[in-house]
Amino acid sequence: MNCFFTLLPVVELKCAVQCYAWGKIGLNSTVAQLALTSPSFHLEEDKPYSEFWMGTHPNGPSKVLKEGKESLLSDWIESNKDVLGNKVKEIFGGKLPFLFKVLSVNKALSIQAHPNKPHAELLHDKRPDVYKDPNHKPEMAIALTPFEGLCGFRPLDEIQKFVKTIPELSAVIGQEATTALVTGSDPHALKKAFTALMTSSQDAVSEQLGKLLLRLQEKKTSGHDISNQSSELLFRLNSQFPGDVGCFCIYFLNHIVLQPGQAMFLGPNLPHAYLAGDCMECMACSDNVVRAGLTPKFKDVETLCEMLEYNCGSKEENIFPCHQDPSDSHVTIYDPPVSDFTVSRIKIPASCPSYKFKALSGPSICVVISGSGAVEDTASKICLNRGTVLFIPANTTLDVTCKEEDMEIYRAYCVL
């Protein structure tokens, strides 16, 4: 088995694990399963494991493992900027432009959106204590297991139907907003109705949500089918965040369940929330999030409601299309409309004893999701197992020798 390098060799990374309260517990978490590859990781069976970070973000920086020593990936790149490739090095100021993650979600994350670049710069300038960097944060989520989320505004007729048939929802947004939304008399009716919901008093939200849950429970007890009012999701979210306005958001936003390999692209000003499941996630290297529900964190409701794009679309329209690499049948490409990152899924069947990663003009990070194998050159060998993470410099190819089992590898990269 051979590995051929055109620049610096591929290096193995030790990656950070985040343990936020919403993560899956113990070995139920894909994050924990991947982290077991590291000898320094000690599993706690009752602890939530939520995110596995691969990149240079200071809140969870990866480290280069080389000759028994560890160094920050950011420092290694700073000392070897050619690993980024000429264009990436120039355009992104010698920095890795993306952050790659694995998420394991057991409890809903916040109703949120991300600002575009000019808005991010403005928010950072006005409130650097809340919005800590001036960068945008486009994201892509690719399901590893069935992955559940809210994404984008529902088709308008679906929202209108919910407002007509759920009196508690109508009561929260008020008669004026209800009438405008249902009659279609105001082109800004959706924005006004959603803003009315999100800015309602906590007492009004709690009261009406309590009435709705009681009414649905009584119907359920009587044997009525209440699935047309998203009852299961409503009960679940309320159990996680009792009385939260985010529970009502399910009547405005698409409830999507991605199957493994399907993806959502979360561009600027798109309302969304992750609800449950495991996914790959890639984003620009930023931490800018505007939140407004289903969270104990700071909520910036006014900013969120003002920044959103009130475009309606179906579930299907919010699933991001992928395509097969025309030059490699093993590779599926997820190419969002941003320059910061692209992701590919590489599925190597057991019948394929070796596989060549093609050289790219920019840097990439790979993580082994399943299977095992190895890469080596004349000086070193890296064994590949579930959870192994590699940094591949620009313009570098390598050969992977696979064991007699299927391999699945995700690769995040930036090419310009």
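Since the structure is predicted, the reported quantities are computational estimates derived from the model, not experimental observations.

Time to look at the overall build of the protein. When its secondary structure is counted, the protein shows 11 helices and 25 strands. Expected size for 416 residues packed as a compact globule is a radius of gyration near 22 Å; at 23 Å, the protein falls within 12% of this value. Principal axes of the C-alpha set define a box for the protein whose edges measure 75 × 50 × 40 Å. For the protein, with 416 residues in total, the buried portion stands at 56%. As presented, the protein carries roughly 17,900 Å² of accessible surface, and 51% of it is formed by carbon and sulfur atoms. With 39 positive and 48 negative side-chain charges, the protein shows a separation of 1 Å between the mean positions of the two kinds.

The next point concerns the packing of aromatic side chains. For the structure on display, the rule yields 11 aromatic pairs. An aromatic cluster of three or more residues is present, and its members are Phe153, Phe194, Phe252 and Tyr310. A cation sits over an aromatic face here: lysine 107 above phenylalanine 241, 4.9 Å from the ring centre. Sitting over the ring of phenylalanine 235, lysine 220 keeps its end group 6.0 Å from the ring centre.

Here helix H9 (residues 202-221) is 20 residues long and its end C-alpha atoms lie 28 Å apart, about the 28 Å a rise of 1.5 Å per residue gives. Three or more residues of H9 are buried, namely Val205, Gln208, Leu209, Leu212, Leu213 and Leu216. Down the axis of H9, the sector holding all buried residues measures 135 degrees, keeping them to one side. Opposite the buried face of H9, at more than 90 degrees from it, the exposed residues are Asp203, Leu214 and Thr221. Tucked into the core, H9 has its buried residues touching helix H6 (167-173) and helix H10 (231-240).

On to the sheet that holds strand E21 (residues 373-376), then. One open sheet accounts for 4 strands, arranged E19-E24-E21-E22; its pairing is antiparallel. In this open sheet, the two edge strands, each paired with only one partner strand, are strand E19 (354-357) and strand E22 (381-384). Shown here is a sheet whose adjacent strand axes are inclined to one another by a mean of 25 degrees, direction ignored. Pairing geometry for E21 and strand E24 (residues 398-402), over 2 bridges, is antiparallel. Bridged to alanine 374 within E24 is threonine 401.

To continue, consider the sheet that holds strand E7 (residues 69-72). Read across the open sheet, the 9 strands follow the order E7-E6-E1-E23-E20-E25-E18-E17-E16; overall the sheet is antiparallel. Among the strands making up the open sheet, the edge pair consists of E7 and strand E16 (323-324). Two strands pair when backbone bridges link them, and strand E18 (residues 342-348) and strand E25 (residues 407-413) are joined in this way by 7 bridges, in the antiparallel orientation. Paired with isoleucine 348 across the two strands is methionine 407, which belongs to E25.

This paragraph deals with the pattern of salt bridges. In the structure shown here, the tally under the stated rule is 21 salt bridges. Across the pair glutamate 70 and lysine 14 runs a salt bridge, and its minimum N-O distance is 3.3 Å. Taken as a pair, glutamate 70 in strand E7 and lysine 14 in strand E1 (residues 11-14) lie far apart in primary sequence, 56 residues in all. In this structure glutamate 70 comes out as partly exposed when scored by relative accessible area, which is 45%. Of the charged contacts in the structure, one is a salt bridge between aspartate 399 and lysine 356, with a shortest N-O distance of 2.9 Å. Taken as a pair, aspartate 399 in strand E24 and lysine 356 in strand E19 lie far apart in primary sequence, 43 residues in all. Residue aspartate 399 is classed as buried on the basis of its relative accessible area of 16%.

With burial as the criterion, each face of strand E5 (residues 51-54) is covered, one bearing Glu51 and Trp53 and the other bearing Phe52 and Met54. By the bridge criterion, 3 bridges tie strand E2 (residues 16-18) to E5 in an arrangement that is antiparallel. For glutamine 18, the partnering residue across the bridge sits in E5 and is glutamate 51. Across 4 bridges, the pairing between E5 and strand E8 (residues 98-105) is antiparallel. Each residue of the ladder has a partner; that of methionine 54, found in E8, is phenylalanine 100.

This paragraph deals with the UniProt feature "domain: Phosphomannose isomerase type I helical insertion" (unreviewed entry) in the protein. Per the UniProt annotation, the sites labelled "domain: Phosphomannose isomerase type I helical insertion" (unreviewed entry) are residues 188-253. The distance separating the terminal C-alpha atoms of residues 188-253 is 17 Å; by composition the span is 61% helix and 2% strand.

What follows concerns the nonpolar core. Counting residues in hydrophobic clusters, the biggest one holds 52 residues, and the most contacted among them are Phe194, Leu197, Met198, Leu234, Phe248, Tyr251 and Phe252. Broken down by element, the residue count for this core peaks at 6 residues, all from helix H8 (residues 189-198). Among residues more than four places away in sequence, those in contact with phenylalanine 248 are Glu168, Leu169, Val172, Leu197, Val205, Gln208, Leu209 and Leu212. Counting residues in hydrophobic clusters, the runner-up holds 43 residues, among them Val88, Ala263, Phe391 and Ala412.

Conventions we followed
- Counting from 1, residues in each chain are numbered in the order their sequence is written.
- Thresholds applied to this predicted model are a pLDDT of at least 70 for local features of residues and 80 or more for the giving and counting of side-chain atom pairs; totals over whole chains, interfaces and linings are not thresholded and use all residues.
- The side-chain values count all of the structure's non-hydrogen atoms but skip hydrogen atoms and water molecules.
- Counting from the N terminus, the helices are the DSSP runs of H or I reaching at least four residues and the strands are the DSSP runs of E reaching at least two.
- Atoms counted for the radius of gyration: C-alpha only. Globule rule: 2.2 Å times the number of residues to the power 0.38.
- Think of it in three bands: with a 1.4 Å probe and only protein chains considered, a residue is buried below 20% of the maximum accessible area for its type, exposed above 50%, and partly exposed in between.
- Residue burial considers only the protein chains on display, and all accessible areas are found by Shrake-Rupley using a 1.4 Å probe.
- Only four residue types enter the charge count: Lys and Arg as positive, Asp and Glu as negative, with His and the chain ends excluded.
- By convention, charge coordinates are those of NZ in Lys, CZ in Arg, CG in Asp, or CD in Glu.
- Ring pairs shown here join Phe, Tyr and Trp side chains whose ring centres sit within 6.5 Å, with only the six-membered ring taken for Trp; geometry is labelled stacked below 30 degrees between planes, edge-to-face above 60, and tilted in between.
- In this scheme, the term charge over a ring applies when either NZ of a lysine or CZ of an arginine sits within 6 Å of the ring centre and within 35 degrees of the ring normal.
- Here the expected length of a helix is defined as 1.5 Å per residue gap, with one fewer gap than residues.
- Note that the arc is defined by the directions from the helix axis to the C-beta atoms.
- Only heavy atoms enter the contact rule, under which two residues are in contact if any of them lie within 4.5 Å.
- Paired strands are those between which DSSP finds at least two bridges.
- Every axis in this analysis is a line fitted to C-alpha atoms, fitted for helices over the stretch in contact. Angles between the N-to-C directions lie between 0 and 180 degrees.
- The salt bridge criterion pairs a side-chain nitrogen of Lys or Arg with a carboxyl oxygen of Asp or Glu, the two atoms within 4 Å.
- UniProt positions are given in the numbering used here, feature names are shortened, and annotations may be inferred rather than shown by experiment.
- By nonpolar core is meant a set of buried Ala, Val, Leu, Ile, Met, Phe, Trp, Tyr and Cys residues that side-chain atoms within 4.5 Å join together.

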